[in-house]
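Architecture at a glance
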Amino acid sequence: MNKTDKIYIAGHRGLVGSAILRKLQASGYENIITRTHSELDLLDQAAVSAFFKVEKPDYIFSAAAKVGGIGANSAYPAEFIYKNMMIGFHIVHAAYENSVKKLLNLGSSCIYPKLAAQPLKEDYLLTGALEPTNDAYAIAKIAVIKLCAAYNKQYGTNYISVMPANLFGPGDTYDLENGHVLPAMIRKFHEAKISGGDNVVLWGDGSPFREFLYSEDLADAVVYLMEYKNAVEIGEFINIGTGTDITIKDLAELIRKIVYEDAPGRTCKITWDTAKPNGTPRKLLDVARLNTMEWKAKTELREGIKKAYAAFRENADRKLNGDKNEI
């Protein structure tokens, strides 16, 4: 990519897209296109097609998606499969129709079989049954991966798919019912600290292992891949992660400690609601292929959580002082 090339970020206000936007701006890219949902409905194929015909982007980061934790995936499977598939299909096809030079498609580690061997290698895709609590989302993401691969094969396009580990960072969604585990924990422990509550209830039994990747590291990785690597080198898709994981129980204790660092002598109890699902027992990505391409994650988990919590507190303070944007 040249600094003056026209770059479109789909989903620029989300956790991933906003991190990519900051990375591109910091790297000196001058011609970045963004659209909010009210300006461009990615579920509307005609609108997407018209937008591409007018703007003619050279490069695309496809980071728009309907996302959520176990609760949201279980409650709204139809929305997760339909919206994510349509968003991906509309963007990829419009990119082809308008001769986009290169596209990067963001996926999710939930595409892997529930009981696949660990760590998860790229060639484990479709070798077993998916986790039932998020299979609708996974199927949509797999479909878009296969679509990119098919266009590369049939039309000679240069579409890259990447599978990141569980993401967190500035701009995350801290919804207690539908959010992901790490940001939901940050909010629960913060609210307990502020209110003086002595008990935080968390889903499952704390035994699953999860790998977490700071969003700024992901942005660094995908910009690097867009700048220096092509689909023929990457293959169908490539994992992006840290190569290390942690139990949900240990994660909860780490977040509790970070949240209460400025409240010496205070803490709260953690209660596990074992009636709620655990999800996949373990999701650790094999990142050997990416590491051979001279990229490794830089942000240690504790450091990343501290940064994420600081960003959450800043937004929470703004909301309390009159900013009506959701935190």
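This one's a predicted model, so the numbers in the text were calculated from it and none came from an experiment. (Residues numbered from 1 in each chain as written. Predicted model: local features only at pLDDT ≥ 70, side-chain atom pairs only at ≥ 80, totals over all residues. Heavy atoms only, no water.)

Some details on the overall build of the chain
Basically, it comes down to this: Here a strand is any run of E in DSSP of at least two residues, a helix any run of H or I of at least four, and the numbering for each starts at the N terminus. Atoms considered for the radius of gyration are the C-alpha atoms alone. The globule rule reads 2.2 Å times the number of residues to the power 0.38. Whether two residues touch is decided by their heavy atoms; if any such pair falls within 4.5 Å, the residues are in contact. Note on areas: Shrake-Rupley, 1.4 Å probe, and residue coverage restricted to the protein chains presented here.
Per the secondary structure count, the chain includes 11 helices and 13 strands. On C-alpha atoms alone, the chain measures out to a radius of gyration of 20 Å, which is about the 20 Å that the 2.2 N^0.38 rule sets for 327 residues. Its C-alpha atoms put the chain at 60 × 45 × 40 Å along the principal axes. Taking as baseline every contact in the chain between residues at least 6 positions apart, the subset at least 24 positions apart corresponds to 80%. Surface accessibility of the chain: about 14,700 Å² in total, with carbon and sulfur atoms responsible for 50%.

Remarks on the pairing of strand β1 (residues 7-10)
Heads up, the condition is: Think of it in three bands: residues with accessible area under 20% of the maximum for their type are buried, residues over 50% are exposed, and the middle band is partly exposed, with areas taken using a 1.4 Å probe on protein chains only. At least two DSSP bridges between two strands are needed for those strands to be called paired. Here is how to tell: hold the view so the strands point away, follow the path from the first strand over the helix to the second, and if it runs clockwise the crossover is right-handed.
In β1, alternate side chains face the same way, and those of I7 and I9 on one face and Y8 and A10 on the other are all buried. Two strands pair when backbone bridges link them, and β1 and strand β2 (residues 32-33) are joined in this way by two bridges, in the parallel orientation. Residue Y8 lies in a different strand from β2, and its bridge partner there is I33. For the crossover from β1 across helix α1 (residues 15-26) to β2, the handedness is right-handed. Relative to strand β3 (residues 59-62), β1 is paired through four bridges, and the arrangement is parallel.

Details of the environment of N230
What counts is decided by this rule: Here a polar contact is recorded for every N or O atom pair within 3.5 Å, except that within protein the pair must consist of a potential hydrogen donor and a potential acceptor, and residues adjacent in sequence are included only if both atoms are side-chain atoms.
Mapped onto the fold, N230 is located in the loop between α7 (215-228) and α8 (231-234). A relative accessible area of 34% means that N230 is categorised as partly exposed. Filtering out sequence-adjacent residues up to four positions away, N230 remains in contact with K102, N158 and I160. Of the polar contacts made by the side chain of N230, one reaches the side chain of K102; its length is 3.5 Å.

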